[in-house]
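Structural overview
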Amino acid sequence: MTFSFRHGLIATMTASLVAAGTVAALAVNAPAASADTGSVYTSSSPLPAGQNGDVVKSQPSTYNGAKATRIQYLSRDNKDKQVAVSGTVLVPDNPWNGPGERPIVAYAPFTFGMGPDCAPSKTLAGEGASDMVSGFQGGFVNALLGAGFAVAQTDYIGPWVEGSGDHPYVIRLSEAHTVLDVIRAAQRLPGTGLPANGPVGIAGYSEGGSAAAAAAELAATYAPELNVKGVYSGAPPADKAALSKSLDGGMYFGFLGYALIGINQAYPEAKLMNLANPTGADLFLKARQTCTLNAVFQFMYKQSGSLTKDGKPVSSYLSQPPFDAIVAENRIGTVKPAMPVMVEQSPMDDVIPAAVGKQMAKDWCGKGANVQWKDLASLTPLFSHALGMMTAPNDAAEWLKAAFNGQAGSGNCGRF
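Notes on the structure in this doc start here.

About the criteria used
Residues numbered from 1 in each chain as written. Predicted model: local features only at pLDDT ≥ 70, side-chain atom pairs only at ≥ 80, totals over all residues. Heavy atoms only, no water. Helix = DSSP H or I, 4+ residues; strand = E, 2+ residues; numbered from the N terminus. Buried < 20%, exposed > 50% of the residue type's maximum accessible area, 1.4 Å probe, protein only. Contact = heavy atoms within 4.5 Å. Areas by Shrake-Rupley, 256 points an atom, 1.4 Å probe, with all protein chains shown as cover. Polar contact = N/O pair within 3.5 Å; in protein donor to acceptor, adjacent residues only side chain to side chain. Pairing = 2+ DSSP bridges. Phe/Tyr/Trp six-rings, centres within 6.5 Å; stacked < 30°, edge-to-face > 60°. Lys NZ or Arg CZ within 6 Å of the ring centre and 35° of its normal. Axes fitted to C-alpha atoms, helices over the stretch in contact; angles between N-to-C directions.

**As for the overall build of the chain**
Regarding its fold elements, the chain presents 13 helices and 9 strands. Classification of the 416 residues of the chain by burial places 60% in the buried group. Restricting the contact set of the chain to residue pairs at least 6 apart, pairs at least 24 apart contribute 77%. When the accessible surface of the chain is summed, it comes to about 15,800 Å², and 55% of that surface belongs to carbon and sulfur atoms.

Structure, rendered in structure tokens:
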């Protein structure tokens, strides 16, 4: 591949990001649609009685090449409180040609934002905020559907379901719960033709990579009845302490802002906002309304020390109580997955240091897990994290296909 081609690719990517950021900015500032009491985005209080993964309500949705149904289902947050979560179940029009029954793959979306219109179940249906990121989400879903898998896509917890509060971004327990419960919901949804106890898999990249990895760790205890054949985790932000340093002052500072919103939502007792100065409080309020690209462009290169009362960076607080315990609880790599896992990341990742994902994989190896590590192909360090989303979907689909065929292999622990 020539340098001129790479340069052209980067220029095209940059222009697309700028244009998409403008669209996202307009979309998140548009008036919200009026509430529909029958919508999966409205919920009752108290919630109806039910088990984790029970479908509360469902509605037909639209997606090319699949029968799509939007759902609201029951799950649990990080404090084990029952919550209503939205998502989509997609059954491809093409038949399943593999062995046994059609598998269901839980798709854990990558970072899509905090605003009510950012939810993937909306953007996949051509609604809500639309930006380049929603197109990448569709690319991942298409790869899974193209392999013949049914897809159970979660929106995680967030303000898209009224009364749910902010999105607990990259919070280990809540995201694992919502990923595992969306599989249960797909199995219980009437009229899909999907098996109630057939083979399942999990796939995600970036935020979705950590959600998939967390689900791999919790599956045996939280959802032991699920027949999980394999989990794909791409570029997982498995160590929040490391990311608090690598993101600070960089192009993707907005993701650090999202992580702080997530901590504030999941651990209100930590009183995170007491640390913020007026500038920090204002950024917090603005970030809560953004989708991904708008957050990237609006907050790039900010320094967290300019947002705190005493001028200290966020990383300095995360090593002190009560935040050190929060960081420890959300670190992934401490529990052995019971199924084969593939972890994949670009060595030149410009958002999440490759050492973070590799350390998670090594930690699992140390516990005796079946882990396959693979370097994700990269053309250039610039936008390598985003460009990885062009390769990861097919890699995930092919590896899961092998796992469903009983050919996941024994991994490559000790060789990476």
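**Re the side chain of Glu344**
With respect to the helices and strands, Glu344 occurs in strand β8 (residues 341–345). Among the residues examined, Glu344 registers a relative accessible area of 0% and is labelled buried. Polar side-chain contacts of Glu344 include one of 2.4 Å to the side chain of Tyr232.

**Brief notes about the pairing of strand β5 (residues 150–154)**
Taking burial as the measure, the 5 residues of β5 include 5 buried ones, the bulk of the element. Residues Ala150, Ala152 and Thr154 of β5 are buried on one face, and the alternating residues Val151 and Gln153, pointing to the opposite face, are buried as well. Of the strand pairs in this sheet, strand β3 (residues 82–92) and β5 are connected by 4 bridges, and their pairing is antiparallel. Within β5, the residue paired with Thr88 across the bridge is Gln153. As paired strands, strand β4 (residues 104–108) and β5 are joined by 4 bridges and run parallel to one another. Paired with Ile104 across the strands is Ala150, a residue of β5.

**Some thoughts on the packing of aromatic side chains**
Two descriptors summarise a pair of aromatic rings, namely the distance from one centre to the other and the angle between the planes of the rings. In this structure the tally under the stated criterion is 9 aromatic pairs. Judged by centre distance (5.6 Å) and plane angle (70°), the rings of Tyr169 and Tyr258 are edge-to-face. Highlighted residues: Tyr169 in the loop between β5 and α4 (172–188) and Tyr258 in helix α7 (residues 253–266), separated in sequence by 89 residues. Judged by relative accessible area, which is 7%, Tyr169 ranks as buried. An aromatic cluster is present here, built from Tyr169, Tyr252, Phe255 and Tyr258 joined pairwise through their rings. Geometry around Tyr41 places Lys122 over its ring, the cationic atom sitting 4.6 Å from the centre. Here the basic side chain of Arg184 rests over the ring of Tyr222, its NZ or CZ set 5.2 Å away from the ring centre.

**What about the sheet that holds strand β7 (residues 227–234)?**
What the 9 strands build is an open sheet, ordered β1-β2-β3-β5-β4-β6-β7-β8-β9; its pairing is mixed. Of all the strands in the sheet, the pair left with one neighbour each is β1 (55–61) and β9 (371–375). Here the average twist between neighbouring strands, direction ignored, is 20°. Bridging between β8 and β9 involves 5 bridges; their strand directions are parallel.

**Section: unusual backbone geometry**
Cis rather than trans, the peptide bond between Ser45 and Pro46 has omega equal to 5°. Mapped onto the elements of the fold, Pro46 is located in the loop between α1 (3–28) and β1. In this structure, Pro322 follows Pro321 across a cis peptide bond, with omega equal to 0°. Of note, Pro322 is situated in the loop between α10 (314–318) and α11 (323–329). A positive phi angle is found at Tyr156, which is not glycine, with a value near 60°. Along the chain, the position of Tyr156 falls in the loop between β5 and α4. Tyr156 gets classed as buried once you look at its relative accessible area, which sits at 1%. The phi dihedral of Tyr301 is positive, around 70°, even though this residue is not glycine.

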